[in-house]
Amino acid sequence: MRTRAEPILEVRGLTRRFGSLIAVSEVSLDLLPGECHALIGPNGAGKSTLIGIIAGELAPEAGAVLLDGEDLGRLGPAARARRGLGRTFQIAELCLDFSVRRNVLLAVQARFAGPFHFLRRAERLAPLAAHVDAALVSAGLIDRAGLPAAMLSHGERRQLELAVVLASRPRVLLLDEPAAGLGPSETEELGNRLAALKGRVAMLLVEHDMDTVFRLADRITVLAEGRVIASGAPEEIRGDRSVREAYLGEMVDA
Amino acid sequence: MPAPRIRLDRVVALVGLGLLVLVPPLLWRLQADYLLPTLTRMLAYGLAAAALDLVLGYGGLVSFGHGAFLGTGAYVAGALLHHAGRGTPVLAWPLTLAGSTEALVILPAAAASAGILAFMVGAVSLRTRGVHFIMITLAFAQMVYFLVLAVPEYGGTDGLMLPLRWSVGGLRLEGDAPRYWFALMLVVLFVFGAQGAMEARYGLALRGARQNERRLQALGYPVYAIRLLAFTVSGAWTGIAGALLADVAMFVSPDLLSWQRSGELIIMVVLGGQGTLIGPVVGAFVLLALEEELSAVTEHWMLVLGPILLLCVLLFRRGIWGQVSRDAHPG
């Protein structure tokens, strides 16, 4: 059975309203090291708002986000990223004019000594290049390395964004619908990649594709109308009556 | 790695540089050396436009306030030369600051003043985006403009005639050619240095933030600090360009601080090609030459210049230099 490890990410009582709409209401959850915790729920349940708050793009009205026991308070996204929080977005966020290689290089150089170096060509720095090549090979994008990111297909962009985030070596990975817009074979491949990460990176996975969720998740939390309506192991969630009624009903053919 | 090949843009840049170096003796042979101050002025504007390119082309931030930095540099140089001529101190309290005719004092002073101003303007305006950024930089520039007008010592709206010109490292510059070469050297120094920095880790971060700020934030880049540095350095070098203008004209006027000047600098960058550094220098030469030529032909030269600029921007999306350099994308 699972040993009670200290959670690497902890969310306590987060609340956020947009006008009169309560997007997230007193949500608490945690993420253990190396674990994949899936966050599911119908559209508008508040999943993306929650990810936004954890990443520091949105400020909560109440509650706290703790990374490795440290309250992140009002730190912005960049400061959180420097503490080990990496994320992918619903629509892949990349530097489209830069080559695939440069996109990864940006992530690799972010890990070393910061951006305030002015003299040597970034691409000629051998220690960085080695990391970049390794990341490109393992993402299967080494053949595309010289192309501008704008030339990549939708699926390849998602692949690249994941490679970029992984190259920055996050301790916690926030994945906001990584399979959205992917075909069946691409989704399968994404599942393989993420499965290979389990145990090494803690992942908070927001996803609509239930096959991917049940394949990867160690735990699942279900959100509806901004509240946690269930949380537990995948088999518990699959059997939970209220969840089936609120959400899973038609999607899981048992 | 792609095989090394001869790049057209490098060849053109080197040939162009060679020609620029040889301009003074050529003009002398043609008995046209009265043109040298005009060319020095073009170089100074080219330097200012290239400096603006750091912010505009590479940073993606449309600063409508660079006239303030140009004017600050010019007025700092003007004040130092003015007081050196009169033998009065620039500042009597809290510490005495004498005037100077030494370029190695004047240029750092101009750069520091414009740089500090740029740091303060940037610190506020970089918290905004888009149109707000344009308006705030413009507002700051207008403030500086009216501040300078309010100092009667420096001539107000009439401007200030300078009694002296500078010397460099104690050496008196005889005639216009050494001044021209000095300006050219500064332009080359800046363009080379900045091109290097834009390919280094810093440049990738600055350019990355232009393309996708959210991604850079999510990777932990301190985007605000990165942009503030670019803005400060850009302002400092624009100040140096202003000092060059003061020395070559022996005159400074509030016109240098006006928003029209800021607008012209933007036109030079866009016309020459954003994110290329060399392009804005070319743009400065083309724009100023067009202004000179057209204003000699007709007093309604603005009517002619407008459509020409419009055509250039529509036909050459990446500016003049973008036509020479195939892979000149600011990316």
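Everything here concerns the structure above.
Trainee: So what's going on with the overall build of chain B? Which residues, and what values?
Mentor: Looking only at helices and strands, chain B has 13 helices and four strands in total. For a compact globule of 331 residues, the expected C-alpha radius of gyration is about 20 Å, and chain B comes in at 20 Å, within 12% of that figure. Projected onto the principal axes, the alpha-carbon positions of chain B cover approximately 60 × 50 × 40 Å. Taking all 331 residues of chain B together, 48% fall into the buried category. A separation of at least 24 residues holds for 77% of the contacts in chain B among residues at least 6 apart in sequence.

Trainee: An account of helix α6 (residues 184-197) of chain A is needed here, citing residue identities and associated values.
Mentor: Spanning 14 residues, α6(A) covers 20 Å between terminal C-alpha atoms, matching the ideal 20 Å at 1.5 Å per step. In the stretch just after α6(A), Gly199(A) is the one whose phi turns positive, near 90 degrees.

Trainee: Now, about the sheet that holds strand β6 (residues 85-88) of chain A: what can you tell me, with residues and values included?
Mentor: All names here are of chain A. Across the sheet, six strands lie side by side as β6-β7-β8-β3-β9-β10; this open sheet has mixed pairing. In the strand order of this sheet, the two ends are held by β6 and β10 (227-232), each with one partner. Within the sheet, the average angular offset between the axes of one strand and its neighbour, ignoring direction, is 15 degrees. By the bridge criterion, five bridges tie strand β7 (residues 172-176) to strand β8 (residues 202-206) in an arrangement that is parallel. Each bridged residue has a counterpart across the sheet, and for leucine 173 the counterpart in β8 is methionine 203. The sheet contacts of helix α1 (residues 47-55) involve β3 (36-40), β6, β7, β8 and β9 (219-224), and relative to β7 the element is tilted by about 150 degrees.

Trainee: Quick rundown of unusual backbone geometry? Include the residues and the values.
Mentor: Of note, the phi angle at Arg169(A) is positive, near 50 degrees, even though the residue is not glycine. One can find Arg169(A) in the loop between α5 (154-167) and β7. Unlike most non-glycine residues, Gln31(B) shows phi in positive territory, near 55 degrees. Judged by local crowding, Gln31(B) falls into the exposed class, with 7 C-beta atoms found within 10 Å.

Trainee: Tell me about the environment of His131(A), and please be specific about residues and values.
Mentor: Residue and element names in this part refer to chain A. Structurally, histidine 131 is set in helix α4 (residues 126-139). Between the C-alpha atom of histidine 131 and that of glutamine 109, which follows or precedes it by 22 residues, the distance is 9.5 Å. Once residues within four sequence positions are removed from consideration, histidine 131 is found in contact with Val108 and Ala167.

Trainee: So what's going on with the interface of chain A and chain B? Which residues, and what values?
Mentor: If you look at the interface, chain A gives 26 residues, while chain B gives 23 residues. Mapped onto the side of chain A that touches chain B, the elements with two or more residues apiece are α2 (77-82) and α3 (100-111) of chain A. The residue makeup of the side of chain A that touches chain B, split by class, is 16 nonpolar, three polar and seven charged.

Trainee: Explain α4(A) residue by residue, including any values.
Mentor: Residue and element names in this part refer to chain A. End to end, α4 covers 20 Å across 14 residues, agreeing with the expected 20 Å (1.5 Å per residue, within 8%). Tucked inside the fold, the buried residues of α4 contact α3 and α5. With its phi angle positive at about 70 degrees, glycine 140 sits one or two positions after the end of α4.

Procedures and definitions
Residues numbered from 1 in each chain as written. Chains lettered and ligands numbered in written order. Predicted model: local features only at pLDDT ≥ 70, side-chain atom pairs only at ≥ 80, totals over all residues. Helix = DSSP H or I, 4+ residues; strand = E, 2+ residues; numbered from the N terminus. Rg over C-alpha atoms; globule rule 2.2 N^0.38 Å. Buried ≥ 20, exposed ≤ 12 C-beta atoms within 10 Å, placed from the backbone. Contact = placed C-beta atoms within 7 Å. Expected span 1.5 Å × (residues − 1). Pairing = 2+ DSSP bridges. Axes fitted to C-alpha atoms, helices over the stretch in contact; angles between N-to-C directions. Nonpolar A, V, L, I, M, F, W, Y, C, P; charged D, E, K, R; others polar.

No statement about biological role is implied by the geometric values presented.
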